[in-house]
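Spelled out, the chains give:
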Amino acid sequence: MMSSTTTDTSSSVDVVLIGGGVMSATLGAFLRQLQPDWSISIFERLDNVAEESSDAWNNAGTGHSALCELNYTPQQADGSVDISKAVAVNESFQISRQFWAYLVEQGIIATPRDFITPVPHMSFVWGDANVSFLKKRYEALSAHPLFEGMEYSEDPAQMAQWMPLAMKNRPAGQKLAVTRSLNGTDVNFGALTRLLFGYLASTPACTLHTKHEVQDIKQGKDGRWRVQVQDLRLNTQRTVSAKFVFIGGGGGALPLLQKTGIPESRGVGGFPVSGQFLRCKNPDIIAQHHAKVYGKASVGAPPMSVPHLDTRMINGQRALLFGPYAGFSTRFLKNGSLLDLPRSIKSNNIGAILAVAKDNWPLTKYLIQQVLQSNSERINALRDFVPEARSEDWELVTAGQRVQIIKKDARKGGVLQFGTEVIASQDGSVAALLGASPGASTAAPIMLTVLKKCFADKLPEWDAKLKEIIPSFGQNLADNPELCTQLRDKTTTVLNLKE
């Protein structure tokens with residue numbers, strides 16, 4: 001595990017990164033490549049980095065590329081399937097793959113299999129209406145260069161080859177359909193985060209401090225930020241001055257953003273959603289499944305609650321999860337306080353929060369049902385994917401907290417946003433990342449957004465280096481099939497993603 005690497009107490013740096021997760025690690029790696037002379041201080045309040053949402057057991061580990069996630073391809077009123085979100089998500093993941101491949105080529109990451117593994121991505125549905133939807137979705141996606149190679153089947157014998165555990169002793173007569181893509185991946189974001197922070201901590205003028213909690217952030221008249229930090233080991237306080245501050249603390253980002261007092265933080269609230277998974281304890285069952293199989297979400301379910309039977313590779317060991325089962329807690333972090341939600345309610349966002357509460361009864365009802373579920377009800381849900389599932393083979397584990405964004409809306413008063421958003425000050429000196437899925441999978445393109453919002457004056461100087469790191473930078477792979485194929489083949493080779 002990685003803990004504090006330094007006793008440095010420098011009071012003035014170029015960059016402060018708050019939070020020891022994949023977002024801060026990714027931004028730090030970008031900045032170290034683009035501006036190696038800048039000093040960076042990183043603060044994480046837990047004992048080690050990657051212990052909250054980036055930890056392997058706190059997320060699905062899906063390399064989110066819309067190959068299997070049905071919530072990215074909604075069906076329209078006329079029956080057609082809208083693939084625009086799926087295309088955007090896949091394009092974003094290709095940027096992450098390019099970034100990781102660059103790190104491997106530079107020797108920053110020695111062995112890509114330490115964090116990324118090829119795992120087929122499948123969508124699985126049953127019932128006439130869902131089968132019709134999946135076929136339309138397949139026809140729309142498979143014609144697109146980003147989804148090249150996707151397969152479709154309604155043949156039970158074919159499905160039994162692709163996902164034997166899911167088809168074993170399945171009741172006869174069900175109308176079933178599956179799509180499969182061999183371009184899918186499983187990503188251990190905890191391992192990736194530790195690799196990136198290990199690299200950063202080894203470079204000059206970069207210090208990593210764990211067990212350090214940021215308690216306040218205020219901008220001085222000189223434009224620099226005063227970051228008040230508590231050393232939780234020594235119970236001492238100090239203030240660090242920084243030109244730029246990034247708040248990447250997952251669910252903990254909102255309270256810190258509010259402390260900055262920037263106008264852009266006004267009217268923003270958060271809605272926390274917790275998650276649980278069933279984890280298989282039987283090695284014989286784990287060995288029978290090698291895929292990420294996603295189904296359709298329940299009515300009212302948040303996007304991260306799409307049910308899936310999920311092969312994971314964690315520290316070289318194969319694991320099998322099913323879920324997630326959504327829940328509710330007022331904590332913004334798994335290791336947070338029950339007062340996180342009430343403390344986040346301010347005079348400038350309470351209107352938006354109340355409007356969202358009024359307009360989202362289906363979500364509220366869904367969360368109540370999930371919280372009240374018995375273990376037998378969870379196993380029954382699992383049996384839709386594993387007909388022979390037995391409760392003694394599975395254990396319930398708690399995953400990470402996710403905080404959805406609530407924002408003021410002129411028409412509705414407030415809206416609940418799913419996804420992620422970068423909120424930055426007008427002068428670009430501070431930025432925070434709020435939201436959840438697809439999250440970590442798109443860390444690289446999200447950090448490019450931070451660079452564009454906060455360092456616009458540096459982009460001309462950085463342009464050539466950015467194109468070296470991200471060869472498609474400034475271009476759209478969706479509109480360039482040749483470049484799309486070329487870069488996918490290259491990243492597949494560099495990241496060792498051939499089965």
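Whatever comes next refers back to the structure up there.
Attention here is on the structure that accompanies the text. What you see is a predicted model, and the numbers here were worked out from it, not measured in a lab.

Another point: unusual backbone geometry. Between Gly-323 and the following residue, Pro-324, the backbone shows a cis peptide bond with an omega angle of -5°. Within the element layout of this structure, Pro-324 appears in strand 15 (residues 317–327). For Ala-50, which is not glycine, the phi torsion reads 60° and is therefore positive. In this model, Ala-66 sits at a positive phi of 65°, which is unusual for a non-glycine residue. Take Ala-66: it is sitting in the loop between strand 2 (40–44) and helix 2 (84–105). For Ala-66, a relative accessible area of 0% gives the class buried.

The next thing to look at is the pairing of strand 6 (residues 176–181). Of all the six residues making up strand 6, six are buried; the element is thus mostly covered by neighbouring parts of the structure. Taking every second residue as pointing to the same face, both faces of strand 6 are buried, with Leu-176, Val-178 and Arg-180 on one and Ala-177, Thr-179 and Ser-181 on the other. In this structure, strand 4 (residues 121–126) lies alongside strand 6, joined through six bridges in antiparallel fashion. Following the sheet pairing, Phe-124 is matched in strand 6 by Val-178. Here strand 5 (residues 151–153) runs beside strand 6; their pairing, made up of three bridges, is antiparallel. Bridge assignment links Ser-153 to a residue of strand 6, and that residue is Val-178.

About the cut-offs
- Residues numbered from 1 in each chain as written.
- Predicted model: local features only at pLDDT ≥ 70, side-chain atom pairs only at ≥ 80, totals over all residues.
- Heavy atoms only, no water.
- Helix = DSSP H or I, 4+ residues; strand = E, 2+ residues; numbered from the N terminus.
- Buried < 20%, exposed > 50% of the residue type's maximum accessible area, 1.4 Å probe, protein only.
- Pairing = 2+ DSSP bridges.

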